[in-house]
Amino acid sequence: MTVTFDDILAARDRIAGQVDRTPVRYSRRLSQLTGAEVWIKFDNLHFTGSFKERGALNRLLQLTPEERKRGVVAASAGNHAQALAYHGGRLGVPVTIVMPEGTPFVKADGTRAHGATVVIKGLDFSGSTEEAHRLRDEEGFVFISAFDDEGIVAGQGVCGLEFMEDAPDLDVLIIPIGGGGLIAGSAIAAKAMKPSIRIFGVEAAMYPSFSAKRRGEAPRCGGQTIAEGIAIKAVGDIPFALAEPLIEEVLVCQEADFERGVSYLATMERTVAEGAGAGGLAAMLAYPDKFKGLKVGIELTGGNIDARMLAVVLNRELVREKRLIVYRILGDDRPGMLSKMSAVIGGLGGNIIDVVHNRLALDVPAKGAEFDIMVETRGEAHAEEIRQGLEGAGYELRMG
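A brief report on the enclosed structure follows.

The rules behind these values
Counting restarts for each chain: residues are numbered from 1 in the order of the written sequence. Reporting of local features is limited, given that this is a predicted model, to residues whose pLDDT is at least 70; pairs of side-chain atoms are given and counted only at 80 or more, and all residues count toward the totals for whole chains, interfaces and linings. Here the side-chain values reflect all heavy atoms present in the structure, with hydrogen atoms and water set aside. In DSSP terms, a helix is any run of H or I states spanning at least four residues, a strand is any run of E spanning at least two, and both are numbered starting from the N terminus. Residue burial is assigned from relative accessible area. The probe radius is 1.4 Å, only protein chains are included, and a residue is buried under 20% of its type maximum, exposed over 50%, and partly exposed in between. Working rule for contacts: check all heavy atoms of both residues, and any pair within 4.5 Å makes them a contact. The Shrake-Rupley method, run with a 1.4 Å probe sphere, supplies the accessible areas, and residue values consider only the shown protein chains as cover. Counting rule for charge: Lys and Arg are taken as positive, Asp and Glu as negative, and neither His nor the chain ends is counted. Positions of charges follow a simple convention, taking NZ of Lys, CZ of Arg, CG of Asp or CD of Glu. Whether two strands pair depends on DSSP finding at least two bridges between them. Throughout, an axis means a line fitted to C-alpha atoms (over the contacting stretch in the case of helices), and angles, computed between N-to-C directions, take values from 0 to 180 degrees. The term nonpolar core refers to a set of buried residues drawn from Ala, Val, Leu, Ile, Met, Phe, Trp, Tyr and Cys, joined through side-chain atoms within 4.5 Å. Arc, as used here, means the arc of the directions from the helix axis to the C-beta atoms. The distinction between a cavity and a pocket rests on a 1 Å grid over the protein atoms alone: a 1.4 Å probe fits inside a cavity but cannot get out, while a pocket stays open yet meets protein on both sides within 12 Å along at least five of seven lines, and a residue with an atom within 4 Å of a point counts as lining. Grid points are joined across faces, edges and corners, and a volume is the space filled by probe spheres set on the points. Throughout, the ten residues Ala, Val, Leu, Ile, Met, Phe, Trp, Tyr, Cys and Pro are labelled nonpolar, Asp, Glu, Lys and Arg are labelled charged, and all others, Gly among them, are labelled polar. Here is the rule: rings of Phe, Tyr and Trp (six-membered ring for Trp) pair when centre to centre is within 6.5 Å. Planes less than 30 degrees apart are stacked, more than 60 are edge-to-face, and the remainder are tilted. Note on criteria: charge over ring means Lys NZ or Arg CZ within 6 Å of the ring centre, with the direction from the centre no more than 35 degrees off the ring normal. When describing relative orientation, an angle under 35 degrees is termed roughly parallel and one over 145 degrees roughly antiparallel, while 65 to 115 degrees is termed roughly perpendicular and anything else oblique. For any helix crossing, the convention is left-handed if the near helix is rotated counterclockwise from the far helix by under a right angle, and right-handed if that rotation is clockwise. Take a side-chain nitrogen of Lys or Arg and a carboxyl oxygen of Asp or Glu: if they are within 4 Å of each other, that pair is a salt bridge.

Attention shifts here to the overall build of the protein. Broken down by element type, the protein carries 16 helices and 14 strands. Its C-alpha atoms give the protein principal-axis dimensions of roughly 80 × 50 × 40 Å. Scored against the burial criterion, the 400 residues of the protein give a buried share of 54%. For the protein, long-range pairs separated by at least 24 residues make up 74% of all intrachain contacts whose partners lie at least 6 apart in sequence. Summing over all exposed atoms, the protein offers an accessible surface of approximately 17100 Å²; the carbon and sulfur share of this is 51%. Here the protein contributes 45 positively and 54 negatively charged side chains, and the mean placements of these two sets differ by 2 Å.

The structure is reproduced here in structure tokens:
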């Protein structure tokens, strides 16, 4: 089995006019942050919120009339599901999606909204795939893999083709890896158009399946990652065979890297990225020396992040930057104590967000109290200034 540049060109023509051509834009802010020249392809702007539309539509358009009538089934954590559901609905193809337990509500609800039947089954993607195969065998559906399918890979390759057409001077492409369909197709297209382009993959540390397979090892995968879109225990055989010789290096990123990527894209680019979608930026932040001075294209694969999780990530980044900080103060439980602490904090320009007054902690004297005061600051130096001010006023504290 193989996918060629001609297959990708054919996929482009097949889906033309039915899938948005997403923009590629230079990011001045991220270039200043990273020391590289950063270009972003905003695939979070697709109607269903991710890059998956190209592959899903290309594969659906290759079904026979008899297969269209039978309907399709797939396992997906959300993005492939929504893309397949949306375009299946447009084409009159019945779609059933099996999703793992714990899939973000925004992705499950979005899939149902496009008319698909959603089945929640399996602790992870592997479990959902087993159920999808069972439904295929029992109901006669056509199984469409999210990545291990030549039609899917060719469709995803249109992403790399568009990227290189819009930013032909790039030195590097950084692409997140889950099952491998996107990086396989995009690498084939990019290398055909510019053989010198360097391809880097990104994996979550909890799910380094491509890296492990490259080393000939069994992958050790598991855990709850913010990058659930690439939380795949076993990379697809088809995309691995296609992509492995084209990828220079696969960079493994930690959870904090993905969180920073999501936060910086929101605050600097004013755009919403899900955890996996921020993988390219996460890699640049985690491995800055690899990309300094280069023209780098990062594929923002999707923006389907739960609103609550986005709020959590943004607040966690404020904590990392010490722009949100908790001062735990031990003091006497007497009238006016809290107002005096507040006066010190306010006098130094801190903004009190929340106060927890604990009289029952056993490591606090019976006539004392423990105060957890959450304060908004201008950053680490300002937080330290407030700490010194409180200690200078005679308060015993530690920073949370």
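Glancing now at the sheet that holds strand 10 (residues 295-300). Strand order in the open sheet made by the 6 strands is 1-2-10-7-8-9, with mixed pairing throughout. Bordering the open sheet on either side are strand 1 (24-27) and strand 9 (249-253), each of which pairs with just one other strand. Going across the sheet, the axis of each strand differs from the next one's by a mean of 25 degrees, ignoring polarity. The pairing of strand 7 (residues 172-176) with strand 10 spans 3 bridges and is classified as parallel. Each bridged residue has a counterpart across the sheet, and for Val172 the counterpart in strand 10 is Val296.

One finds Leu173, Ile199, Phe210 and Ile247 to be the most contacted residues of the largest nonpolar core, which totals 37 residues. When residues of this core are traced back to their parent elements, those giving at least two are helix 1 (5-15), helix 8 (150-166), strand 7, helix 9 (181-193) and helix 11 (237-243). Other than its neighbours up to four places away in sequence, Ile199 contacts Leu173, Ile183, Ala187, Ala190, Lys191, Leu246, Ile247, Glu248 and Glu249. Counting residues in each nonpolar core, the second largest holds 35 residues, with Ala204, Leu251, Ala283 and Leu294 among its members.

A separate point is helix 15 (residues 337-347). Among the residues of helix 15, Met337, Met341, Val344 and Ile345 are the ones counted as buried. Projected down its long axis, helix 15 carries its buried residues within an arc of 95 degrees, all on one side. Exposed residues on helix 15 whose side chains face more than 90 degrees from its buried face are Ala343 and Gly347. Following helix 15 by one or two positions, Gly349 adopts a phi angle in the positive range, close to 90 degrees.

Counted under the stated rule, the structure contains 1 cavity of 30 Å³ or more. Forming the boundary of the largest cavity are Ile40, Leu265, Gly277, Ala278, Gly280, Leu281, Ile298, Glu299 and Leu300. Of all the elements in the fold, those that place two or more residues in the lining of the largest cavity are helix 13 (279-286) and strand 10. The element that contributes the greatest number of residues to the lining of the largest cavity is strand 10, accounting for 3 residues. Tallied by class, the residues present in the lining of the largest cavity amount to 6 nonpolar, 2 polar and 1 charged.

Bringing the layout of surface pockets into the picture now. Approximately 200 Å³ is the volume found for the second largest pocket. If you go around the second largest pocket, you meet 14 residues; those closest to its centre are Phe125, Thr129, Phe147, Asp148 and Ala234. For the lining of the second largest pocket, the element with the highest residue contribution is helix 7 (residues 125-139), accounting for 3 residues. Of the residues in the lining of the second largest pocket, the class split is 8 nonpolar, 4 polar and 2 charged.

With that out of the way, let us pick up the environment of Gly229. Counting through the fold element by element, Gly229 comes out in the loop between helix 10 (209-214) and helix 11. We classify Gly229 as partly exposed; its relative accessible area is 34%. As for Gly229 and Thr103, which are separated by 126 residues in sequence, their C-alpha atoms are 9.7 Å apart.

In this section: the packing of aromatic side chains. Scanning the model with the defined rule gives 5 aromatic pairs in all. Taking 4.7 Å as the distance between ring centres and 45 degrees as the angle between the ring planes, the aromatic pair formed by Phe47 and Tyr86 counts as tilted. Here Tyr86 lies in helix 5 (residues 79-91) and Phe47 lies in the loop between strand 2 (37-42) and helix 3 (53-60), a separation of 39 residues in the sequence. For the cation-ring pair, Arg25 lies above Phe42, with the distance from its terminal atom to the ring centre recorded as 5.6 Å.

Okay, the packing of helix 3 against helix 8 next. Relative orientation and spacing of two packed helices are given, respectively, by the angle between their axes and the distance between those axes. Closest axis-to-axis distance for the helix 3/helix 8 pair is 7 Å, and the angle between their directions is 135 degrees. Judged by the inter-axis angle, helix 3 sits oblique to helix 8. Judged by the twist between their axes, the crossing of helix 3 over helix 8 is right-handed. Every residue of helix 8 that contacts helix 3 at Arg54, Gly55, Ala56, Asn58 and Arg59 is listed here: Gly151, Ile152, Ala154, Gly155, Gln156, Val158, Cys159 and Glu162. By residue class, the composition of the contact of helix 3 with helix 8 is 5 nonpolar, 5 polar and 3 charged.

What follows concerns the pattern of salt bridges. What the rule picks out here adds up to 27 salt bridges. The shortest N-O distance in the salt bridge between Arg136 and Asp137 comes to 2.9 Å. For Lys290, the salt bridge is made with Glu249, and the minimal N-O distance between the two is 3.1 Å. Within this pair, whereas Lys290 is found in the loop between helix 13 and strand 10, its partner Glu249 is found in strand 9, the two being separated by 41 residues in sequence. On the basis of relative accessible area, Lys290 is assigned to the partly exposed category, the value being 31%.

In short, the description is geometric, and any link to function would need to be established separately.
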